[in-house]
Amino acid sequence: MPGALVAATLLSAVAWRVGALSADGAVAGAAVGFAVILTGGWSWAGLLLAFVVAGSLASRLPPAAGPPRRTTRQVLANGTVAALAALAHPAAWAAPGFAGAVAAAWADTWSSEFGTRYGGPPRRVVGLQPVDPGTSGGVTALGSAAGVAAAALCGLLAAAFGIAPVPSTAAAGVLGALADSLLGATVQAAFRCTRCGRRGETPRCACGARGELERGLRWLDNDAVNLLATAVGALAAVALHR
Ligand SMILES: [Zn+2]
């Protein structure tokens, strides 16, 4: 237990030092890491660490796209379901659920990091109309391919670490990322500025004015959608696991 606490704290401190996590995000990251090391052990922590490193590296690809530091809300949006599954260890569903939640978070992270940089103009996942870059629920072919690659890579690592088999983990990652896009295009809150007309995910516009709700549920933001998508990934992996 002291070893788990020291390792989780050290790894989060490194993640904060290199700019992958904000200070408060590092505290949340240490809590998630501690829960995973303590219950699942070092192999589970290895899979989680692989996702954090791969996501952080992808967010540093050129061209720079804003601050890559993950805050508490973002860490918990991506890590809560994985941590809950780890806490259920050694229940039979815990291992595939954990791997599925990580695969969904990883697939979504890579599809947005690669898609927004190199994917060209996005289209809405429902109906395929062109949408502004960065719009929730917008997808690109390249971003989707990156998501599939991430899910496959996570599946291979989960199998190599002896956590869960490749097919259920990889499929769960793809389904989780798809759920993220579908929820982003339908129920996630989207705002339109009353002054300049700019669209955004939060009511506060860059011009200083406030936007009005254009679509979706006011309280369902991007972090809530990420949380739901990792839950879909976990449930899919458990359902597909045999
Ligand atoms: Zn505005």
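Details of the structure are given in the entry above.
Remember, it's a predicted structure, so these values are computed and weren't measured experimentally. (Residues numbered from 1 in each chain as written. Predicted model: local features only at pLDDT ≥ 70, side-chain atom pairs only at ≥ 80, totals over all residues. Heavy atoms only, no water.)

*Asks:* Quick question: what am I supposed to make of the overall build of the protein chain here?
*Replies:* In terms of helices and strands, the protein chain carries 8 helices and 5 strands. Ordered by position in the sequence, the α and β elements of the protein chain form the string α-α-α-α-α-β-β-α-α-β-β-β-α. Against the 2.2 N^0.38 benchmark of 18 Å for 242 residues, the protein chain shows a C-alpha radius of gyration of 18 Å, consistent with a compact globule. Every one of the 242 residues in the protein chain was classed for burial, and the buried ones make up 44%. Put simply, 69% of the contacts in the protein chain that link residues at least 6 apart link residues at least 24 apart. For the protein chain, the distance from the average position of its 17 positive side-chain charges to the average position of its 10 negative side-chain charges is 3 Å. (Helix = DSSP H or I, 4+ residues; strand = E, 2+ residues; numbered from the N terminus. Rg over C-alpha atoms; globule rule 2.2 N^0.38 Å. Buried < 20%, exposed > 50% of the residue type's maximum accessible area, 1.4 Å probe, protein only. Contact = heavy atoms within 4.5 Å. Lys, Arg positive; Asp, Glu negative; His and termini not counted. Charge placed at Lys NZ, Arg CZ, Asp CG, Glu CD.)

*Asks:* Please explain the packing of aromatic side chains as it appears in this structure.
*Replies:* To describe a pair of aromatic rings, you give the distance between the ring centres and the angle between the ring planes. Within this structure, the stated rule accounts for 5 aromatic pairs. Where Trp110 meets Phe114, the ring centres are 5.4 Å apart and the plane angle is 65°; that geometry is what we call edge-to-face. Placement of the pair is Trp110 and Phe114 together in helix H5 (residues 94–118), with a separation of 4 residues, close to one helical turn. Centre to centre, the rings of Phe114 and Tyr118 are 6.4 Å apart; their planes meet at 55°, and the pair counts as tilted. (Phe/Tyr/Trp six-rings, centres within 6.5 Å; stacked < 30°, edge-to-face > 60°.)

*Asks:* When you look at the pattern of salt bridges in this model, what are you seeing that I'm missing?
*Replies:* By the definition in use, this model includes 5 salt bridges. We note a salt bridge from Arg73 to Asp221, for which the minimum N-O separation is 2.3 Å. Of the two residues, Arg73 is situated in helix H4 (residues 72–87) and Asp221 in the loop between strand E5 (211–215) and helix H8 (222–240); the sequence distance between them amounts to 148 residues. Close ionic contact of Asp223 with Arg73 constitutes a salt bridge, the shortest N to O distance being 3.2 Å. Remark: Arg73 occurs in helix H4 and Asp223 occurs in helix H8; sequence separation between them is 150 residues. One salt-bridge network, held together by shared partners, links Arg70, Glu113 and Arg117. (Salt bridge = Lys/Arg side-chain N within 4 Å of Asp/Glu carboxyl O.)

*Asks:* Explain the coordination of the zinc ion here, please?
*Replies:* Bound to the zinc ion are the protein donor atoms Cys193 (SG), Cys196 (SG), Cys205 (SG) and Cys207 (SG), situated 2.3 Å from the metal. Of note is the zinc ion, whose 4 donor atoms meet at the metal with angles of 105 to 118° in an arrangement that counts as tetrahedral. Between consecutive donor residues of the zinc ion, the sequence gaps follow C-x2-C-x8-C-x1-C. You can see Cys193 sitting in strand E3 (residues 190–193) and its partner Cys207 sitting in the loop between strand E4 (199–200) and E5, a full 14 residues away along the chain. For Cys193, a relative accessible area of 6% corresponds to the buried category. Its relative accessible area of 27% is what places Cys207 among the partly exposed residues. (Donors = N, O, S within 2.8 Å, 3.2 Å for Na, K, Ca; no water. Tetrahedral: all angles 85-135°; square planar, octahedral: opposite > 155°, others 65-115°.)

*Asks:* Explain the packing of H4 against H5 here, please?
*Replies:* Each packed pair of helices is defined by two parameters, the angle between the axes and the distance between the axes. Two elements in contact, H4 and H5, have axes whose closest approach is 8 Å; the angle formed by their N-to-C orientations is 170°. Compared by their axis directions, H4 and H5 come out roughly antiparallel. Between H4 and H5, the contacting residues are Asn78, Val81, Ala82, Ala85 and Ala86 on the first element and Ala94, Gly97, Phe98, Ala101, Val102 and Ala105 on the second. Considered class by class, the residues forming the contact of H4 with H5 number 9 nonpolar, 2 polar and no charged. (Axes fitted to C-alpha atoms, helices over the stretch in contact; angles between N-to-C directions. Parallel < 35°, antiparallel > 145°, perpendicular 65-115°, else oblique. Nonpolar A, V, L, I, M, F, W, Y, C, P; charged D, E, K, R; others polar.)

*Asks:* Which parts of the structure should I look at to understand a nonpolar patch on the surface?
*Replies:* On the surface, Val126, Leu175, Leu178, Leu182, Val232 and Leu240 cluster together into a nonpolar patch covering about 440 Å² of accessible area. The set of elements that each furnish at least two residues to the nonpolar patch consists of helix H7 (166–186) and H8. No other element matches H7, which puts 3 residues into the nonpolar patch. (Patch = residues over 30% accessible without salt bridge, like charges linked within 9 Å, V, L, I, M, F, W, Y side chains within 5 Å. Areas by Shrake-Rupley, 256 points an atom, 1.4 Å probe, with all protein chains shown as cover.)

Remember, this is a structural readout, not a statement about activity or role.
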